[in-house]
Structure formats: structure tokens, C-alpha cells
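Inside the fold
Spelled out from the first residue to the last, the chains are:
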Amino acid sequence: VNVDSTYTVGSILFSGGVAYTLSNNRLSMDNTGAAGHAVINSWSAATQTINSLVVTTAASDLDIVSSAGGALALSGGIDNTAGKTVTFNATNGSTISTGAIINNGLILIAGAQSLTTLGTISGTGSLSVSGGKLNLTFASTYGGNTTVSGGKLLVNNASGSATSTGSVTLNG
């Protein structure tokens, strides 16, 4: 699906066994409803790809979920300059990968499976791993701290610091 403009949506749901690719310039995630969370949900065994830059807004936290054994690839990266919480939750054998992340809030890794970053993490925000596995593959420049209270943190970058300049706390 190609969209030739910037769109603002509250949720995206991929389901069934069909693989989709969503491409456009920017995808603003904004849900001002009662839950206050925008959601990208892959409930599919197929690989779902978003080539667009996913942008948080001041109104909504963002939940990114993959839960049916497939893969969710956010290859356009994430812009969280709004300073919200972005939660990645992969379960039931699913995986999530993302391009570069600009984070001025909190990136939270939950669930039982993995998130792989395929780009740098920058900004003033922090990272927290409470479950699953976070695989950092590039040097990063984010200014916040990294906390691991459960799950695994894998640092697989060739040079520089994948966890940037903030402290790293292991509580699990």
C-alpha cells in the first residue's frame, strides 16, 4: 500500500496470513481516545513492513505489538521527539525490528520475544528492558539511562557505544 502524503491514524492492525508493506513519507500515530495509546498491531504469521517514518504525537503513547509468530519491520524508523513512551511487545515467537530511533521519552521492551534495532538510537530519552530481548546493532547517542529489569540486552555493534553515554543498570 503506497500513501503519498503524511497521515495521522490512531491504530493499524495487520491480520491474516497476507504480508503487507505500507510506504509513505510520515505516519503520525495519535489516539486521543480514552486509552490514550496509539497502536501498531501485527496479529499475523506473515512479515508486515512499514517503510514510513512512524512519528509519536504529544497526545499519545505508542504500543507496537507483534503476537502471532510473524515479523513486524518498522524500517522507516521511529521519531519520538514528542517524549512519549513507546512500548515494543513481541510474543508467541514474533519479532520486531526497527530502523533508527529518535527518542526523547522512554523506549520500553516488554513481552517474551525480541526487538532488533537496525539503526542508531538518538535523543534525550531512556531505554528499559523488562522482558524479551533487545538487540542493539549500531552505536547510539541517546542521552538517557539504560535499565534492564528482566529479559536480555544484547550489544552487537561493531564500534562506538550501543548504550550511549548514560548509565546501564542491571536489575534482573
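To keep things clear, this report deals only with the structure shown in the data block. (Residues numbered from 1 in each chain as written. Predicted model: local features only at pLDDT ≥ 70, side-chain atom pairs only at ≥ 80, totals over all residues. Heavy atoms only, no water.)

1. Section: the nonpolar core
Keep this limit in mind: Take the buried residues of types Ala, Val, Leu, Ile, Met, Phe, Trp, Tyr and Cys, join any two whose side-chain atoms come within 4.5 Å, and each joined set is a nonpolar core. The cut-offs for exposure are 20% and 50% of the maximum accessible area for each residue type, with area from a 1.4 Å probe on protein chains only; residues under the lower value are buried, those over the upper are exposed, and the others partly exposed. Note on contacts: a residue pair is in contact if any heavy atoms of the two residues lie within 4.5 Å.
Grouped together as the largest cluster of nonpolar side chains are 30 residues, with contacts concentrated most on Ile40, Ile50, Ile64 and Phe88. Leave out the neighbours within four places in its chain, and Phe88 touches Ile64, Leu74, Ile78, Ile96, Ile107, Leu108, Ile109, Ala110 and Leu115.

2. Focus: the sheet that holds strand β20 (residues 152-155)
The strands that make up a sheet are held in pairs by hydrogen bonds between backbone atoms, and each pair lies either parallel or antiparallel. Definition in use: If DSSP finds at least two bridges between two strands, the strands pair. Numbered from the N terminus, helices here are DSSP runs of H or I no shorter than four residues, and strands are runs of E no shorter than two.
Taken together, the seven strands give an open sheet; going across it, the order is β3-β6-β9-β12-β15-β18-β20, and neighbouring strands pair in parallel fashion. If you trace the sheet from one side to the other, it starts and ends with β3 (21-22) and β20, each paired once. Examined bridge by bridge, strand β15 (residues 114-117) and strand β18 (residues 133-136) share four bridges and lie parallel to one another. If you follow Thr116 over to β18, its bridge partner there is Asn135.

3. Remarks on the side chain of Thr56
Inclusion rule: Polar contact criterion, stated in full: a pair of N or O atoms within 3.5 Å, where within protein one must be able to donate a hydrogen and the other to accept it, and residues adjacent in sequence count only if both atoms are side-chain atoms.
Locating Thr56 in the fold gives a position in strand β7 (residues 53-56). Here Thr56 falls in the buried class, since its relative accessible area comes to 5%. Among the polar contacts made by the side chain of Thr56, one reaches the side chain of Asn80 at a distance of 2.8 Å. Dropping the residues within four chain positions of it, Thr56 is found in contact with Met29, Leu62, Asp79, Asn80, Thr81, Ala82, Lys84 and Val86.

4. Examining the sheet that holds strand β2 (residues 11-15)
What counts is decided by this rule: Lines fitted to the C-alpha atoms define the axes, with helices restricted to the stretch that makes contact. Angles between their N-to-C directions range from 0 to 180 degrees.
The strand order across the open sheet formed by eight strands is β2-β5-β8-β11-β14-β17-β19-β21, and the pairing between neighbours is parallel. Bordering the open sheet on either side are β2 and β21 (168-170), each of which pairs with just one other strand. The sheet shows a mean angle of 10 degrees between the axes of neighbouring strands, direction not considered. In this sheet, strand β17 (residues 126-129) lies alongside strand β14 (residues 106-111) in parallel orientation, the contact comprising four bridges. Bridge pairing in β17 links Ile109 to Val129.

5. Structural notes on the pairing of β17
Along a regular strand, successive side chains alternate from one face of the sheet to the other. Of the strand pairs in this sheet, β17 and strand β19 (residues 146-148) are connected by three bridges, and their pairing is parallel. Looking across to β19, one finds that Ser128 is bridged to Thr147.

6. Topic: the environment of Ile102
Take Ile102: it is sitting in strand β13 (residues 101-103). Given a relative accessible area of 35%, Ile102 falls into the partly exposed group. Separated by 39 residues in sequence, Ile102 and Thr141 place their C-alpha atoms 9.6 Å apart.

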